[in-house]
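Summary of the model geometry
Listed below, chain by chain, are the residues.
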Amino acid sequence: MSGKFVRASKYRHVFGRSTKKEQCYDNLRISKNAWDTNLIKANPKYLSVNWEASGGGSFAVIPVDEKGKLPEILPLFRGHTAAVLDTDWSPFDDSLIASGSDDGKVFLWKVPENFSLYQDTEEPVDVSPVAKLTGHTRKVGHVLFNPSAENVLASSSGDYTIKLWDVEAQTAPLTLKHNDIVQSLSWSADGGMMVTTCRDKKIRFWDVRQEKAAYEVPGHAGAKNSRAVWMGEHDRVATTGFSRMSDRQLGLWDVRNPAEPINGFEILDSISGVCMPFWDDSTQMLYLAGKGDGNIRYYEYENDKFQYLSEYKSVEPQRGIAFVPKRGVNTHDNEVMRCYKTVNDAYIEPVSFIVPRRAEVFQNDIYPPATGTKPSMSSSEWFGGKEAALPSKITMESLYEGETPVEIAAEKAPKPADVKATPAPTPANAPEPTPAPAKTEPTPQPAAARSPPASGSMKDNQQSMAAAASKFADKDAEESSDNDASSFEEVPKPIERPRAAAAVVAEKQEGKTGVKTPPRQQSSSAEPTKTTSAPAAEPAAIPSLASSTQESAPAPSPAKGAAEGIKGVLQDIKGMLAAQSSQIENLTKEVAELKARLGDA
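Note that the structure is a prediction, hence the values are computed from the model and not measured. (Residues numbered from 1 in each chain as written. Predicted model: local features only at pLDDT ≥ 70, side-chain atom pairs only at ≥ 80, totals over all residues. Heavy atoms only, no water.)

A count of helical and extended segments in the protein chain gives 11 helices and 33 strands. Considering the protein chain as a whole, with its 601 residues, one finds that 47% of them fall into the buried category. Partitioning the contacts of the protein chain with sequence separation of at least 6, the portion at a separation of at least 24 is 56%. For the protein chain, the computed accessible surface area is about 30100 Å², with 51% contributed by carbon and sulfur atoms. (Helix = DSSP H or I, 4+ residues; strand = E, 2+ residues; numbered from the N terminus. Buried < 20%, exposed > 50% of the residue type's maximum accessible area, 1.4 Å probe, protein only. Contact = heavy atoms within 4.5 Å. Areas by Shrake-Rupley, 256 points an atom, 1.4 Å probe, with all protein chains shown as cover.)

Quick look at the structure:
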């Protein structure tokens, strides 16, 4: 039976579906600023778009239901004195949005109730900010809300810092200092750690409330921008960047040991546009959208590898792209993800990623619980040092039925110590060492357990590794002392090489003279080699090795005994080679005698 092995996956056939032009958001003036951000952000209710405006900075908010060609004049969110570079929606309040600008300020905005782009007034009423956060000395390039704690906002600036704002108090108690401009930042799922990429080509993993980088490692070597995204509840980070040869790369990093990417960097292609990564924690899928091309490729994460699934291709390139939270997808169409991409800086096109199924009921297997809108703690608790925790989740089935989302407690994946260090005490405490690690390694674990959050106990890991190392060291020592003799039994084999060389010499001589050596003379010359040399060599080698093993057993250093045994064997081989050389001389004399006899005849 022949056939190709196909990896089992619920999302193997996910495909991207574009949207007709009349269902897009048309007649927009998207910012043409060259700063490297996503330009747009999305939540289940609204889209925010960096606007191309003269005389100050502004951005537009578009309700997702108002599609088609939009009015010529829109109500804008005005207040900045320079171009808006980035915006971000609060994960717990769909009407709260933050913005960062070239003027060095961070503003907070509240979308009015029943907000619409179509207003009865002649001139649309612009929206003003509800709070202004000042403290950066240069432009603010990125803003990002904490995914777990309410009203905690991070902002990165050209002054080489990231400030962590308490939105309620309108203060920035914490600051993360860098050596150059921050190119991207991403929170861990519990909001306790952060990863950043920087123009100095370093990747930093921050324990943010300690205001110091836990790790600082070399990232992508290319000169162009790199991006990083924390992979949800896993202790893994995905990065995109460029090699020295300007090839686009994908890297997977272990947060607990990020010295180098897992399995090295994977080369994607040679396109020059920045690759924007987005992670979906519920489906364990990574989406990579190229800036300047129209393709979106997506992978499934499994066993510390990104398994390529497929690629959405479009002739319309995107400069900006935004993915919605999972609670915003259409479960009736089996839509597992939706994104919005900018096209020609004139309109925004939705792209849906769908699992092709015909069932008319809720597909529970492709919709695990998703992050809801209830935070795990307040900003004061987070800045006060409360232990980071995952926010509560909601069942997707409740959204399918159109009911109020049903909240469930977030279950944290097992810690690294729980997964690998738990069975370690058994072999360490056992009376005799056994090859237990070979059996405990392959124990099947769920996908979440293979890649747990970055909160494991390093002490437990070190103890289990030490126990395993000592066990194997004891076992190797015993095996080396018990098997020394057998390990050197192969050494006398080179003795056969002189005999083979003698036979070759004899054959050459016979070829030249054309006369074969008589059988009687062969037996008299070759048989003594077999009966006297070889049997004498093997008994001589074995006792010497046995004695060297016995003498080295009580010695404090096993290596010393082994060296003595090898020395004895080499001496025996030397004597045997001398005997063989005499044999070769005898053969040479006999050949000369044969030549003389032939000459006399």
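Now, onward.
With that out of the way, let us pick up the packing of aromatic side chains. For the structure shown, the criterion picks out 21 aromatic pairs. Measuring from ring centre to ring centre gives 6.0 Å for Trp-187 and Trp-382, while their planes differ by 80 degrees; the resulting arrangement is edge-to-face. With a gap of 195 residues between them, Trp-187 in strand β16 (residues 182-187) and Trp-382 in helix α1 (residues 379-383) connect regions that are remote in the sequence. Judged on exposure class, the residue Trp-187 and its partner Trp-382 are both buried. Aromatic pair Tyr-299 and Tyr-308: ring centres 5.6 Å apart, planes at 70 degrees, arrangement edge-to-face. Overall, the relative accessible area of 45% leaves Tyr-308 in the partly exposed class. Put simply, the rings of Phe-59, Phe-77, Phe-107, Trp-109 and Phe-115 touch in pairs and so form one group of aromatic residues. Looking at Lys-21, its charged tip hangs above the ring of Tyr-347, at a distance of 4.5 Å from the centre. It is Lys-224 that lies over the ring of Phe-242; its NZ or CZ is 5.1 Å from the centre. (Phe/Tyr/Trp six-rings, centres within 6.5 Å; stacked < 30°, edge-to-face > 60°. Lys NZ or Arg CZ within 6 Å of the ring centre and 35° of its normal.)

A separate point is the pairing of strand β22 (residues 248-254). Most of β22 is tucked away, with 7 of its 7 residues classed as buried. Side chains Arg-248, Leu-250, Leu-252 and Asp-254 of β22 all project onto a buried face; the interleaved residues Gln-249, Gly-251 and Trp-253 project onto the opposite face, where all are buried too. Sheet topology note: the strand β21 (residues 236-242)/β22 ladder contains 7 bridges and is antiparallel. By the bridge assignment, Phe-242 is partnered in β22 with Arg-248. What sits between β21 and β22 in their antiparallel hairpin is a turn of 5 residues, with Ser-246 showing a positive phi close to 65 degrees. In terms of strand pairing, β22 meets strand β23 (residues 266-269) through 3 bridges, oriented antiparallel. Looking across to β23, one finds that Arg-248 is bridged to Asp-269. (Pairing = 2+ DSSP bridges.)

Under the present numbering, the feature "coiled-coil region" (unreviewed entry) in UniProt falls on residues 570-597. Here residues 570-597 runs as 100% helix and 0% strand, with 41 Å between its end C-alpha atoms. (UniProt positions renumbered as here; feature names shortened; annotations may be inferred.)

The next thing to look at is the nonpolar core. Counting residues in each nonpolar core, the largest one holds 58 residues, and the members touching the most others are Tyr-25, Leu-28, Tyr-287, Val-336, Tyr-340, Ile-348 and Phe-353. With residues up to four places along the chain from it excluded, the contact list for Tyr-287 reads Met-276, Pro-277, Phe-278, Asp-280, Ile-296, Arg-297, Tyr-298, Phe-323, Val-336, Met-337 and Phe-353. By size, the runner-up hydrophobic cluster in this structure holds 15 residues, among which are Ala-154, Leu-185, Trp-187 and Trp-382. (Core = buried A, V, L, I, M, F, W, Y, C linked by side-chain atoms within 4.5 Å.)

On to the side chain of Ser-156, then. If you trace the backbone, Ser-156 turns up in strand β13 (residues 152-157). Those residues within four positions of Ser-156 in sequence are excluded, and the remaining contacts are Lys-139, Val-140, Gly-141, His-142, Thr-161, Ile-162, Val-182 and Leu-185.

The next subject is the sheet that holds β21. Strand order in the open sheet formed by 4 strands is β20-β21-β22-β23, and the pairing between neighbours is antiparallel. If you trace the sheet from one side to the other, it starts and ends with β20 (227-230) and β23, each paired once. Averaged over all pairs of adjacent strands, the angle between their axes in this sheet comes to 25 degrees, without regard to strand direction. (Axes fitted to C-alpha atoms, helices over the stretch in contact; angles between N-to-C directions.)

Below, the discussion takes up the sheet that holds strand β8 (residues 84-89). Taken in spatial order, the 4 strands line up as β8-β9-β10-β11 in an open sheet, and their pairing is antiparallel. The open sheet has two free edges, formed respectively by β8 and β11 (131-133), since each of these has just one partner strand. Direction aside, the axes of adjacent strands within the sheet are offset by 20 degrees on average. Relative to strand β10 (residues 106-110), strand β9 (residues 96-101) is paired through 5 bridges, and the arrangement is antiparallel. The residue of β10 that forms the bridge with Ala-98 is Leu-108.

Confidence in the prediction for the protein chain averages 80 pLDDT; 73% of positions are at 70 or higher. When the criterion is pLDDT under 50, residues 413-459 qualifies, and its contacts beyond four places in sequence or with other chains add up to 58 contacts. (pLDDT = per-residue confidence, 0-100.)

This part is about unusual backbone geometry. Positive phi is not limited to glycine here, since Tyr-160 has a value of about 70 degrees. Locating Tyr-160 in the fold gives a position in the loop between β13 and β14 (161-166). Owing to a relative accessible area of 29%, Tyr-160 belongs among the partly exposed residues under this scheme. Here Gln-170, not a glycine, exhibits a phi torsion of approximately 60 degrees, which is positive. Turning to its location among the elements, Gln-170 is positioned in the loop between β14 and β15 (171-177).

This brings us to the environment of Ala-409. Position of Ala-409 relative to the elements: it lies in the loop between β33 (407-408) and α3 (416-421). With 19 residues separating them along the chain, Ala-409 and Leu-390 place their C-alpha atoms 8.9 Å apart.

Here the focus is the environment of Lys-202. The residue Lys-202 is located in strand β18 (residues 202-207) in this model. We classify Lys-202 as partly exposed; its relative accessible area is 29%. Look past the residues within four positions of Lys-202 in its chain and what remains in contact with it is Thr-196, Thr-197, Glu-216, Val-217, Pro-218 and Gly-219.

In total, this model carries 27 salt bridges according to the counting rule given. Note that Asp-26 and Lys-21 form a salt bridge whose closest N and O atoms lie 3.9 Å from each other. One network of salt bridges, with partners in common, ties together Asp-235, Arg-236, Asp-254, Arg-256 and Asp-304. (Salt bridge = Lys/Arg side-chain N within 4 Å of Asp/Glu carboxyl O.)

The next point concerns the side chain of Asp-180. Inspection of the secondary structure puts Asp-180 in the loop between β15 and β16. Within the structure, Asp-180 has its side chain in polar contact with the side chain of Arg-199 (distance 3.0 Å). When sequence neighbours within four positions are dropped, the list of residues in contact with Asp-180 reads Tyr-160, Cys-198, Arg-199 and Asp-200. (Polar contact = N/O pair within 3.5 Å; in protein donor to acceptor, adjacent residues only side chain to side chain.)

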